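Here's the letter readout for the chains.
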Amino acid sequence: MARVTFEEISAADFFYRNRDIAGFTNPSRAIFAAIRELVENSLDAAESLKIPPDIYVRLSYEGAVGTGTQVYRLRVEDNGIGVPPRHIPSAFGQILFGSKYKLKQQRGTFGLGGKMAILYGQITTHKPACVISSTGMSKIYKYKLMIDIQRNRPLILDRKIMINKTRWRGTIVEFSLEGDYFRAMPKILEYFKQTAMVNPYANLTFVDPKGRLYKFTRVTTEMPDPPKETLPHPYGVDVELLQRLINATPYRNMLEFLRYHFHRVGDKTAQKFLEFSNIRPSKNPKRLSHEEIVRLMHMLKKFKEFLPPDASCLSPLGENLLRAGIVKELKPEFVAVHQRRPATYAGHPFIVEVAIAYGGEIPKKEGFVIYRFANRIPLLYDEASDVSVRVINSMNWRRYKVAPDMPIAILVHICSTKVPYKTVGKEFIADRPEVRREIANGLREVARRLRRFLTRREHVYREKKRLGIFSKYLPKIAQFSTQLAGKEKAPDVKKLLRSVRRFGTEET
Ligand SMILES: Nc1ncnc2c1ncn2[C@@H]1O[C@H](COP(=O)(O)OP(=O)(O)O)[C@@H](O)[C@H]1O
Ligand SMILES: [Mg+2]
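Residues numbered from 1 in each chain as written. Chains lettered and ligands numbered in written order. Predicted model: local features only at pLDDT ≥ 70, side-chain atom pairs only at ≥ 80, totals over all residues. Heavy atoms only, no water.

## Comments concerning helix 7 (residues 254–261)
Since the α-helix packs 3.6 residues into each turn, any two residues three or four apart lie on the same face.
(1) Moving on: Of the positions making up helix 7, those classed as buried are Met 254, Leu 255, Phe 257, Leu 258 and His 261.
(2) Moving on: Buried residues in helix 7 make contact with helix 6 (239–248), helix 8 (267–276) and helix 9 (290–302).
(3) Moving on: Backbone nitrogen of Leu 255 and a side-chain oxygen of the N-cap are separated by 3.1 Å at the start of helix 7; the cap is Asn 253. (Buried < 20%, exposed > 50% of the residue type's maximum accessible area, 1.4 Å probe, protein only. Helix = DSSP H or I, 4+ residues; strand = E, 2+ residues; numbered from the N terminus. Contact = heavy atoms within 4.5 Å. Polar contact = N/O pair within 3.5 Å; in protein donor to acceptor, adjacent residues only side chain to side chain.)

Right under this line is the structure:
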């Protein structure tokens, strides 16, 4: 009989074996994903301090490996919050370690992205990563490190401490990785452009391996308010979460337990709920049996009177910033933006923002140009599977006077504490009915405004044509009739022309 052997692998080992699921599928995707993950960390780091981000990305060529694949050195610098020195090794050398396992809107979620890039660099080049960071205090820390993949621990190869004379604050991450920049280039440039669109307060600089400089300059220093951390909403809890809260709680009765550990539960609501579910308010949560915990979870979901989560844990862009970003990157003739009111799915709050733009520098293509964003991250792959695209395709655009060959861009931004991504690589959003409804309602609103614009434009166009005909023939008619009447001086047609000009023409 064959022997079966059992073993355990670490989280780092798991992602080493399954890097596809984090977006590191091939040399082209890998280089895109690495840039994206580091830029997102930098944006999060600056935004958490409400400082307009200054991010510098440099990708330089180090040598060739095989056909299409090269070794590159990637360097990303930011002016963000910096990493406290004692956390640097784990933040960059231990998979599933991070500061973002909180209930508030952030780009990072899993404690994975930046490290996945470093891990990919390590397994393709076997070179250490270099991290330099300061929180703006008197010292700057420089670490050279690798990941011990089997144990999922950082390996510190070198550490230097430098005096921070200028009180610099920020982080620099640099490492080598294999990739195919020339295949990834269109996506990478598109990524920067779209990132600039939804982060109009950021300066982004990218220097590519050929030394070409791409600069996206901020048009405003106004920034959305950073999100606040929130408590779990009763509709979103499960047994595991309840058990953890019970283990950790200092409260000795159910009334306080509910009041202080859940979002939107005050004294009155807690009392009503306990009555509804037949639980004694004085009961000690630590004394709940397994069955009682399971029942508590079901009752929490059944009770209809909890208020929906409020949106202070979210940080949408807002209509003004969204408009500024679109105008800056697309220079359209017309743009309509709309922010929906906060909504929820499975206890998670979310907000949808949409926009439609017409003309200007919108790239011409068959069908719409669709820009999808989640928590201010552009989503560039798997468009066809995304909920926004499905909603857009299911709408009857002829109702809005939209023809297939028009230069139209549609933008959908979803922000949430938990974006319903389908994959760890964060490429597209699942089709949740609540999310779909919000997107559809938002799009109808901006589409109506587009229709008004297109109607007016059509009207103006027809009017111009009509006036064109008048101004062509009226002088001739005037001349002939003067001759016929045997008069010398033809009447002034300008006056006549002015009188046939209708309201509407003047609007252009
Ligand atoms: N540029 C940076 N500035 C400040 N902190 C950073 C930066 N990059 C990474 N970090 C810290 O390292 C942690 C891990 O990053 P990462 O592996 O990308 O996971 P995630 O972003 O999902 O938390 C982050 O949670 C953050 O605390
Ligand atoms: Mg990250």
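## Thoughts on the pairing of strand 14 (residues 408–416)
(1) Moving on: Where burial is concerned, most of strand 14 is hidden: 9 out of the 9 residues are buried.
(2) Moving on: On strand 14, burial covers both faces: Ile 408, Ile 410, Val 412, Ile 414 and Ser 416 on one face and Ala 409, Leu 411, His 413 and Cys 415 on the other are all buried.
(3) Moving on: As defined by bridge partners, strand 11 (residues 348–358) adjoins strand 14 across 9 bridges and the pair is classed as antiparallel. Bridge assignment links Glu 353 to a residue of strand 14, and that residue is His 413. (Pairing = 2+ DSSP bridges.)

## Some thoughts on helix 5 (residues 181–198)
(1) Moving on: Between its terminal C-alpha atoms helix 5 stretches 24 Å, which fits the 26 Å expected from 18 residues at 1.5 Å a residue.
(2) Moving on: Of all the bends found along helix 5, the most pronounced is centred on Lys 187 and spans about 30 degrees.
(3) Moving on: Turning to helix 5, its buried residues number three or more, namely Tyr 181, Ala 184, Ile 188, Tyr 191, Phe 192, Lys 193, Gln 194, Thr 195, Ala 196, Met 197 and Val 198. (Expected span 1.5 Å × (residues − 1). Bend = angle between axes of the 7 residues up to and from the residue.)

## Considerations on the sheet that holds strand 6 (residues 169–179)
(1) Moving on: Taking strand neighbours across the sheet as the criterion, the 8 strands line up as 5-4-3-6-2-1-7-8 in an open arrangement whose pairing is mixed. Across the chains shown, the open sheet's two edge strands, defined by having one partner strand only, are strand 5 (153–163) and strand 8 (213–216). Ignoring which end each strand starts from, the neighbouring axes of this sheet average 15 degrees apart.
(2) Moving on: Against the sheet, helix 4 (residues 113–125) touches strand 2 (70–78), strand 3 (129–135), strand 4 (139–148) and strand 6, its axis set at about 40 degrees to strand 6. (Axes fitted to C-alpha atoms, helices over the stretch in contact; angles between N-to-C directions.)

## Quick look at empty space enclosed by the protein
(1) Moving on: By the definition in use, this model includes 2 cavities of 30 Å³ or more.
(2) Moving on: If you add up the space inside the largest cavity, you get close to 40 Å³.
(3) Moving on: Looking at the largest cavity, the residues that line it are Ala 22, Gly 23, Phe 32, Ala 33, Arg 36, Glu 37, Gly 425 and Glu 427.
(4) Moving on: Across the lining of the largest cavity, the residue classes break down as 3 nonpolar, 2 polar and 3 charged.
(5) Moving on: In this structure, the second largest cavity spans a volume of roughly 30 Å³.
(6) Moving on: Looking at the lining of the second largest cavity, the elements with two or more residues in it are helix 4, strand 4 and strand 6.
(7) Moving on: Considering each element in turn, the lining of the second largest cavity owes the most residues, 3 residues, to helix 4.
(8) Moving on: Of the residues that constitute the lining of the second largest cavity, the class distribution is 6 nonpolar, 3 polar and 1 charged. (1 Å grid on protein atoms, 1.4 Å probe; cavity = no way out; pocket = protein on both sides within 12 Å on 5 of 7 lines; lining within 4 Å. Points joined across faces, edges and corners; volume = space filled by probe spheres on them. Nonpolar A, V, L, I, M, F, W, Y, C, P; charged D, E, K, R; others polar.)

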